[in-house]
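Residue strings, one per chain:
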Amino acid sequence: MSKTQTVKGTREFYPEEMALRNYLYEKVRAASQAFGYQEWDGPFIETIDLYAAKSGEELVKKQSFVFEDRGGDLVTLRPELTPSLARMIAAKQNELTYPVRWWSFGPFWRYEQPQKGRAREFFQWNIDMLGVNSPEADAELIAVAAAFLRSVKLDPQRAVIYVNNRRLMDSQFDALGIPVEKRLEVSNLVDRRSKMDSAKWDAYALESGLMQKQLDGLKALLGDFDLWKKSDELTRLFAALEALGVKEYVKFDPNIMRGLLYYTGTVFEAFDTSGSLKRAILGGGRYDNLLADVGGQPLSGVGFAMGDVVIGIILQEAGLLPEFKPSPASVMVTVFDESLWMKSYALASELRRAGLNTVVYPEPAKLPKQFKFADKMKMRVALVIGPDEAEKEQVVVKDLSNGSQQTVQKERLLDVIQKILASL
RNA sequence: GUGCCUGUAGCUCAACGGCAGAGCGCCACACUGUGGAUGUGGAUGUUGUGGGUUCGAAACCCAUCAGGCACCCCA
């Protein structure tokens, strides 16, 4: 072990991990762009004040990396993106073209206890639509999430997006006579239910001030998976999801509450149903009042976020990651001996100019060693220029996937290589 | 920030308080014009770190760091 350790909860991306990160980025971009969303980003460092307004005390006081800069101002590594989004939208509120559809994929930091699925430094996909307040807009965001899940080959049996609606739950809480000031506590109670055994949970609920009748009502509520039919918003949402072709990924669940204060309508969370992780893959919902806190006019939005850590573990455990290819080059030119060294270098250069990613062995070495290297780097084609070939302007082309090889004239070389690369 | 568990070779793990080991991987050779397979040989290390107990510590105790599980929160 080296003497200096990494900072707790940070992550080192060796080429294999970097490939996974780029794979996620690629799929995130594809899903976002398929629905016409524009890529954007905010600063990685913000003032602490930006988050003080709306993010919730927990996030600001306990989970942010806060520093005093050299000028004495308190700054923080961004723990989430939504406040930056709100400010940037507010700053150009009257010149943007609505609806705004924006997505982003970048680093975030939270000072948390690292464990499986949670790091202090992570990458997060954020995607939002602003300026339209409708269940159909909510459905579009859920459809983007489903499109992503589909694109990484997580099928609806494996990944489910659970949906609920804050307004629906509020009206149900009203009916039970649960006062507004108790809502947050009840929300937390609901969030906790799956983690406690039911007798304990009952006792805990009563202890927190619910009457027995309210508790019974609450339990009936949380077990009612047809409750969505009472909500016009959710009825429209599910109709839209069906039209968008993603209905099989989505289920109504009255137990989905979500802790963040700013959600006002539809809320949703995606989970892996069969893996070892019980953490949300992604989560989001509708928010209505975000811009007011940064000085903008009221503007409604809907969006969600997905961290790279949980989805990465799930895809790995499910065996859904594409095979890691160490070298971005598929072609390697061997160096036969010192006298032919520069011939190999020249050939490699020619191939690169023709658009082929090409590795050339950096020194003369025994051929077995060079071939072993090409094999380990999972390259597809190895080229040899020995004395015989050099004399006749030929090159030996070996297909490393099956061991077959042929000697070709240099003019035909590109064609032959390209044919091999094109075949599976 | 709190509680519990774990930390030994690159990886997965073993070793009763008594000489630190195995499998896989790695390197070399068999193979001086050809990778994967096979065989032979080789190197694995301040037992996370620092202290203590003991004739003797990888093991027991304390501290510390890191990881995991739960709480909290959440992507």
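Residues numbered from 1 in each chain as written. Chains lettered and ligands numbered in written order. Predicted model: local features only at pLDDT ≥ 70, side-chain atom pairs only at ≥ 80, totals over all residues. Heavy atoms only, no water.

**Side note on the overall build of chain A**
Part 1 of the reasoning: Within chain A, the regular secondary structure consists of 15 helices and 16 strands.
Part 2 of the reasoning: In terms of overall dimensions, chain A has a C-alpha envelope of 95 × 55 × 50 Å along the principal axes.
Part 3 of the reasoning: Looking at the 424 residues of chain A, the share that counts as buried comes to 47%.
Part 4 of the reasoning: Expressed as a percentage of contacts within chain A between residues at least 6 apart in sequence, the contacts between residues at least 24 apart total 68%.
Part 5 of the reasoning: Carbon and sulfur atoms provide 52% of the accessible area of chain A, an area that totals close to 21,600 Å².
Part 6 of the reasoning: Distance between charge centroids for chain A: 3 Å, based on 55 positive and 57 negative side chains. (Helix = DSSP H or I, 4+ residues; strand = E, 2+ residues; numbered from the N terminus. Buried < 20%, exposed > 50% of the residue type's maximum accessible area, 1.4 Å probe, protein only. Contact = heavy atoms within 4.5 Å. Areas by Shrake-Rupley, 256 points an atom, 1.4 Å probe, with all protein chains shown as cover. Lys, Arg positive; Asp, Glu negative; His and termini not counted. Charge placed at Lys NZ, Arg CZ, Asp CG, Glu CD.)

**Some details on helix H7 (residues 183-192)**
Part 1 of the reasoning: The set of residues buried in H7 consists of Arg183, Val186, Ser187, Leu189 and Val190. Buried residues in H7, looked at end-on, bunch into an arc of 160°, giving them a common side.
Part 2 of the reasoning: Among the structural elements, helix H6 (166-175), helix H8 (198-207) and helix H9 (212-222) are those in contact with the buried residues of H7. (Arc of directions from axis to C-beta.)

**Here we look at the nonpolar core**
Part 1 of the reasoning: Ranked by internal contacts, the top residues of the largest apolar core, which has 89 residues, are Trp125, Phe148, Ile161, Leu218 and Phe304.
Part 2 of the reasoning: Tallying contributions element by element places helix H5 (residues 135-151) first for this core, with 10 residues.
Part 3 of the reasoning: Look past the residues within four positions of Ile161 in its chain and what remains in contact with it is Ile142, Ala145, Ala146, Leu149, Tyr249, Val250, Lys251, Phe268, Glu269 and Ala270.
Part 4 of the reasoning: Among the nonpolar cores identified, the runner-up in size contains 26 residues, and Val335, Val408, Ile417 and Ile420 belong to it. (Core = buried A, V, L, I, M, F, W, Y, C linked by side-chain atoms within 4.5 Å.)

**Description of the sheet that holds strand S12 (residues 331-333)**
Part 1 of the reasoning: An order of S13-S12-S14-S15-S16 is seen for the five strands of this open sheet, with the pairing classed as mixed. The open sheet terminates on both sides in strands that have one partner only, identified here as strand S13 (358-360) and strand S16 (405-409). Adjacent strand axes in the sheet meet at a mean angle of 25° when their direction is disregarded.
Part 2 of the reasoning: Pairing analysis gives five bridges linking strand S15 (residues 394-399) to S16, with the strands arranged antiparallel. (Pairing = 2+ DSSP bridges. Axes fitted to C-alpha atoms, helices over the stretch in contact; angles between N-to-C directions.)

**Quick word on the sheet that holds strand S7 (residues 159-165)**
Part 1 of the reasoning: Ordered by their spatial adjacency, eight strands build an open sheet running S1-S5-S6-S11-S10-S9-S7-S8, and the pairing between neighbours is mixed. What marks the edges here is a single partner per strand, and that holds for strand S1 (38-39) and strand S8 (250-252).
Part 2 of the reasoning: By the bridge criterion, six bridges tie strand S10 (residues 282-287) to strand S11 (residues 301-307) in an arrangement that is antiparallel. Counterpart to Gly285 in the pairing with S11 is Gly303.
Part 3 of the reasoning: Across the sheet, H6 is in contact with S7, S8 and strand S9 (263-272); its angle to S7 comes to roughly 50°.

**A closer look at the side chain of Glu46**
Part 1 of the reasoning: Counting through the fold element by element, Glu46 comes out in strand S2 (residues 45-47).
Part 2 of the reasoning: Those residues within four positions of Glu46 in sequence are excluded, and the remaining contacts are Tyr51, Val75, Thr76, Ser84 and Arg87.

**Comments concerning the protein's contact with RNA strand B**
Part 1 of the reasoning: Taken together, 50 residues sit near RNA strand B, with Gln5, Glu112, Arg118, Leu400 and Gly403 positioned nearest.
Part 2 of the reasoning: Measuring from a base nitrogen of RNA strand B, one finds a side-chain N or O atom of Glu112 at 2.6 Å.
Part 3 of the reasoning: Leu400 places a main-chain nitrogen or oxygen 2.3 Å from a base nitrogen of RNA strand B.
Part 4 of the reasoning: Going through the elements one at a time, strand S6 (121-130), S10, S11, helix H13 (367-376), helix H14 (387-392) and S15 are the ones with two or more residues in the surface near RNA strand B.
Part 5 of the reasoning: If one sorts the elements of the surface near RNA strand B by residue count, H13 sits on top with seven residues.
Part 6 of the reasoning: Classifying every residue of the surface near RNA strand B gives 18 nonpolar, 14 polar and 18 charged. (Near = heavy atom within 4 Å. Polar contact = N/O pair within 3.5 Å; in protein donor to acceptor, adjacent residues only side chain to side chain. Nonpolar A, V, L, I, M, F, W, Y, C, P; charged D, E, K, R; others polar.)

**Digging into the pairing of strand S3 (residues 65-68)**
Part 1 of the reasoning: Examined bridge by bridge, S3 and strand S4 (residues 74-77) share four bridges and lie antiparallel to one another. Looking at S4, one finds that Phe67 is bridged to Val75.
Part 2 of the reasoning: The antiparallel hairpin formed by S3 and S4 contains five residues in its connecting segment, where Gly72 sits at a positive phi of about 90°.

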